[in-house]
Amino acid sequence: MPRPETVPLLIAGQWTSLSGVPTTPVHNPSSGEVIAETPLGGPREIDQAVQAAAAAFPAWMETPPVERARILFRLKVMLEDRFEELAVSVTREHGKTLAEARGDVRRGLENIEYACGVPSLLMGESLENVARGIDCDTIRQPLGVVAGITPFNFPAMVPLWMWPMAIACGNTFVLKPSEKVPLTANRIAAVAMEAGLPPGVLNLVHGGREAVDAIIDHPLVRAISFVGSTTVARDLHARGTARGKRVQAAGGAKNFVLVMPDADVSPTATGLMEAAFGCAGERCMAGSTAIAIGRAADTVLPELVDVVSKIKVAPTDRDPAAGMGPVITREHQRRVCELISQAADAGARPLTDGRTTSVPEAPGGFFVGPTVLDHVRPGMATMTEEVFGPVLNVVRMDDLDAAIELANASPYGNGAAIFTRSGKAAREFRHRIQAGMVGINIGVPAPLAFFPFSGWHASFFGDLHLQGRESVAFYTQQKVTTTRWFSHGEGTIWADR
Ligand code: NAD
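Since we're looking at a predicted model, the values are computed, not measured.

Engineer: Would you mind going over the site of the ligand with me for this structure?
Structural biologist: Inspection of the region around the ligand gives 26 residues, with Thr150, Glu179, Ser229, Gly251 and Glu386 positioned closest. Between the ligand and Thr150, the relevant distance is 2.8 Å, taken from an oxygen atom to a main-chain nitrogen or oxygen of the residue. In the model, an oxygen atom of the ligand is placed 3.1 Å from a nitrogen or oxygen of the Phe152 main chain. Against a free-state accessible area of 840 Å², the protein chains account for coverage of 87% of the ligand. Put simply, the parts of the chain that give the shell around the ligand at least two residues each are helix H8 (209-217) and strand S11 (221-227). Taken together, the residues that form the shell around the ligand break down as 13 nonpolar, nine polar and four charged.

Structure, rendered in structure tokens:
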């Protein structure tokens, strides 16, 4: 068996391997094999990276936006050349299918494409004659050193939500990727260096909680972008803002998909399947609870069970026909199965049961099959927890009002969707639902790079979201200049005093 890869840090343009620090294993979830060891950097490494970023900032800030964009253009072309290699890397360390991994890389690259437009995005506003002879304008300037902390579930896309736009705006960056999936982030950073990013503009420190705490406490870090679970997001937002930092913290989710009795059966069944079981349910936009309204359960469930039963659960690193891969760790596999058992014990009825799925060709993999639980009621374990696995709750309700009320009772507010042929029902849903990203006949309404990733309530802490124009606002501060020019001899000027 090959030795696990070491995972170097990128500080001031140099790749360095840490020795003498604790490490945590990175698994290939399809096989269970340890493929790398992530070093757990701490305050010392974070300080080195922040100092490197601070040293690089003055020159990078003065680099014209068009030149910064040119490096990002080059990076985008170079990453396109390595597209498949990156997708394979995502599949290997995360376990999602190759098609899903390609989606992860594609969505990430779109964020680089969007950041290439930074000269236009940074433009300010101006107004002549705010008073007689006085003009006013705004410019946007970078903040300085910005840090990003990312989760395991989109190893390519989520880091790319952050650092390309942050550096395009003239900031320098310290990225701390998830310790469970450090490899793709490193590969992309290596290409960024090849594309001509000056040393210190992008730094990568690997680690866990200690590294995150060091970022929160570091006085030179001006802003933090975080994506991960709600518990950490809420705490990080509170601690970061208490230290005067700007913080955007995207958290967990529980997304509801309403199915009206008039919904088109086949696209709805397919939409529910993709929403619940894409990426093995490890998506913050997973549609994990379907509310079947009226007779919708009777029309849609048979076809849903049919399509779900055909999903091929297989090791994604070697089976190109795999329709769904494993979950991220053995521990998570056990937890998902336990939550299914708790719901079943409380009266939920499994129509498909992922606890019994076996994948004989990959006995060490962390597999849970796609699980559809019917007759789920509020309060059951799979309703109260963010399962983050391939489990779809089906709740049966009588009308749209009650369904919206149930969805709105959730503490989260990331995504929500409705399947219907009624424009009136769709409009009512969009107007009243308490979620920031809404799908109408779309199960996973994840916005592309040029729209904000707009979670509400316990799914987001902060004011300005990731992606889109809000990210430009997050990574810059505005300066408003009010100008008056005197004719010679008019007014008082310093030289006359
Ligand atoms: P996580 O919260 O465990 O980890 C996220 C990051 O925080 C990692 O880099 C990790 O090292 C760090 N971290 C973990 N525990 C910490 C602690 N106690 N103190 C400080 N730092 C800590 O999340 P995860 O399991 O990697 O990712 C899954 C979660 O991310 C899910 O809840 C999912 O919904 C959420 N997510 C949200 C979005 C969104 O846009 N809202 C997108 C993707 C994922």
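Engineer: Teacher, can you tell me more about the sheet that holds strand S14 (residues 287-293) here?
Structural biologist: Adjacent strands of a sheet form backbone hydrogen bonds with each other and so pair up, either parallel or antiparallel. Across the sheet, seven strands lie side by side as S15-S16-S17-S14-S13-S19-S20; this open sheet has mixed pairing. Both outer strands of the open sheet, strand S15 (349-352) and strand S20 (437-440), are each paired with one neighbouring strand and no more. Mean inter-strand twist for the sheet, computed between neighbouring axes without regard to direction, equals 20°. Strand direction decides the pairing type here: strand S19 (residues 415-419) and S20, joined by four bridges, are parallel.

Engineer: Whenever I open this one, the pattern of salt bridges confuses me. Can you help?
Structural biologist: Once the charged atoms of two side chains with opposite charge are near each other, the side chains can pair. Enumeration over the complete set of coordinates arrives at 24 salt bridges. A salt bridge links Arg44 to Glu45; the nearest nitrogen and oxygen atoms lie 3.5 Å apart. Its relative accessible area of 58% is what places Arg44 among the exposed residues. Across the pair Lys312 and Asp319 runs a salt bridge, and its minimum N-O distance is 2.6 Å. By relative accessible area, Lys312 is classed as partly exposed at 38%.

What counts and how
Residues numbered from 1 in each chain as written. Predicted model: local features only at pLDDT ≥ 70, side-chain atom pairs only at ≥ 80, totals over all residues. Heavy atoms only, no water. Near = heavy atom within 4 Å. Polar contact = N/O pair within 3.5 Å; in protein donor to acceptor, adjacent residues only side chain to side chain. Areas by Shrake-Rupley, 256 points an atom, 1.4 Å probe, with all protein chains shown as cover. Helix = DSSP H or I, 4+ residues; strand = E, 2+ residues; numbered from the N terminus. Nonpolar A, V, L, I, M, F, W, Y, C, P; charged D, E, K, R; others polar. Pairing = 2+ DSSP bridges. Axes fitted to C-alpha atoms, helices over the stretch in contact; angles between N-to-C directions. Salt bridge = Lys/Arg side-chain N within 4 Å of Asp/Glu carboxyl O. Buried < 20%, exposed > 50% of the residue type's maximum accessible area, 1.4 Å probe, protein only.

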